[in-house]
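# A closer look at the structure
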Amino acid sequence: MKRACVVGWPIEHSRSPLIHGHWLKTYRIAGSYVRLPVKPADAEAFFGELAAKGFAGCNVTVPHKEAAFRAAARPDAAARSVLAANTLWLEDGVLCASNTDIYGFLTNLDDQAPGWDKLGLPAAVLGAGGAARGVIRGLLDRGIAEIRLVNRTRERAEALVAGFGEAVRTFEWGTRSRMLANCGLLVNTTMLGMTGQPPLDIDLAAMPAQAVVSDIVYSPLETPLLRDARARWLRTVDGLGMLLHQAVPGFEKWFGVRPRVTAELRDLIIADL
Ligand code: ATR
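Now for a quick tour of the structure. Given the structure is predicted, the values throughout are model-derived calculations rather than measurements. Residue positions are given per chain, counted from 1 along the sequence in the order it is written. Totals for whole chains, interfaces and linings use all residues, but because this is a predicted model, local features are given only for residues with pLDDT of at least 70 and pairs of side-chain atoms are given and counted only at 80 or more. Processing note: side-chain calculations cover all non-hydrogen atoms of the structure and skip hydrogens and water entirely.

## A look at the sheet that holds strand S5 (residues 87-91)
- With mixed pairing, 6 strands are arranged side by side in an open sheet as S2-S1-S3-S5-S6-S4. Of all the strands in the sheet, the pair left with one neighbour each is strand S2 (31-37) and strand S4 (74-75).
- Should any heavy atoms of two residues lie within 4.5 Å, those residues are considered in contact. Axis definition: a line fit to C-alpha positions, over the contact stretch in the case of helices; interaxial angles, taken between N-to-C directions, run 0 to 180 degrees. What counts as a helix is a DSSP run of H or I of at least four residues, what counts as a strand is a run of E of at least two, and both are numbered from the N terminus. On the sheet, helix H1 (residues 16-26) packs against strand S1 (2-8), S2 and strand S3 (57-60) and is oriented at approximately 175 degrees with respect to S2. Strands are treated as partners if at least two bridges between them are detected by DSSP.

Put into structure tokens, the structure is as follows:
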């Protein structure tokens, strides 16, 4: 029986066991997938002992993604591009790592807003944390030629763009509504709009009619930002699809079946939000 887990601190909130548990049942695989709380000081050692503890691999969430990357002997290109990993697995005893958040983000956009990358317009990204780094990497990989990055703390945005080159520019937080002019995509990577957080205060009026508005927040499924975008007849992409799609490559590595993201799985997670 193959075993996998999700590792974070805290970890109780993680919906990953629900996703992988559903797939294990659907594909009739004798395996297990559990939540494991691991303290920051213990993270790197834990990843090093993954095989010895009997795991085929694991998912990694906040705040351990950088430690997971460091612990891996064989990180793939996606993990190397953001120096962080959310998926670990073993190949011939060698610890391998990937960052499937980028894949999940892009696949979700392709799914919910096909053609989003063919508009030939700039994209706007709000926030400058780890999630923003992956989103920017993904947008650049898909050929978006201009990315406008806005963060409350501008220095943090500047530190983030330093590794990305000319295509990514930072803007003052106070200009966030104006800088949306002509943007074909807006991505919120901050926690604003999440249950228990204040909503994101932004005016979408400057966005063109064909624009797509996406949120990586998925609880609530429809954030105030997405509700506002929908009211303006803009295309919207919620964050749940990213969570579901990022789980696919890990399941395939550990359990040998490439699972499908279905409406049934989506409904299962929505019922738990
Ligand atoms: P992650 O790594 O998951 O992306 P993070 O590093 O905690 O998370 O980043 C959270 C983002 O939300 C940051 O961009 C943060 O802005 P600062 O860099 O200025 O802290 C942003 N954020 C959080 N609360 C905010 C608020 N009240 N107003 C504006 N931005 C906020």
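That covers the picture; the talk isn't over yet.
## Here we look at the packing of helix H5 (residues 100-112) against helix H6 (residues 130-141)
- Packing of H5 against H6 brings their axes to within 9 Å, and their N-to-C directions diverge by 60 degrees. It follows from the interaxial angle that H5 and H6 lie oblique. Of the two elements, H5 crosses H6, and the hand of that crossing is right-handed. Listed contacts from H6 to Ile102, Phe105 and Leu106 of H5 are Gly134, Val135, Arg137, Gly138 and Leu139.
- Note that Gly is not counted as nonpolar here; it falls among the polar residues with everything else outside the nonpolar set of Ala, Val, Leu, Ile, Met, Phe, Trp, Tyr, Cys and Pro and the charged set of Asp, Glu, Lys and Arg. Tallied by class, residues from the contact of H5 with H6 come to 5 nonpolar, 2 polar and 1 charged. Should an angle fall under 35 degrees it is taken as roughly parallel, and over 145 as roughly antiparallel, whereas 65 to 115 is taken as roughly perpendicular and any remaining angle as oblique. In this scheme the crossing of two helices becomes right-handed for a clockwise turn of the near helix relative to the far one and left-handed for an anticlockwise turn of less than a right angle.

## Concerning the environment of Ile216
- Along the chain, the position of Ile216 falls in the loop between strand S11 (212-215) and helix H8 (224-231).
- For the pair Ile216 and Ala159, spaced 57 residues apart in the sequence, the C-alpha separation amounts to 22 Å.
- When sequence neighbours within four positions are dropped, the list of residues in contact with Ile216 reads Ala131, Val187, Asn188, Thr189, Gly239 and Met242.

## What to know about the pattern of salt bridges
- Whenever Lys or Arg places a side-chain nitrogen within 4 Å of a carboxyl oxygen from Asp or Glu, that contact is recorded as a salt bridge. By the definition in use, this model includes 20 salt bridges.
- Across the pair Lys118 and Asp117 runs a salt bridge whose closest N-O atoms are separated by 3.2 Å.
- Categorising residues by exposure relies on relative accessible area from a 1.4 Å probe, with only protein chains included: less than 20% of the type maximum marks a residue as buried, more than 50% marks it as exposed, and the intermediate range marks it as partly exposed. On the basis of relative accessible area, Asp117 is assigned to the buried category, the value being 15%.
- Between Arg142 and Asp117 there is a salt bridge, with its nearest N and O atoms 3.0 Å apart. Taken together, the residues span a long stretch of sequence, with Arg142 in the loop between H6 and strand S8 (147-150) and Asp117 in the loop between H5 and strand S7 (123-126) at a distance of 25 residues.
- Connected through salt bridges with shared partners, the residues Asp110, Asp117, Lys118 and Arg142 form a single ionic network.

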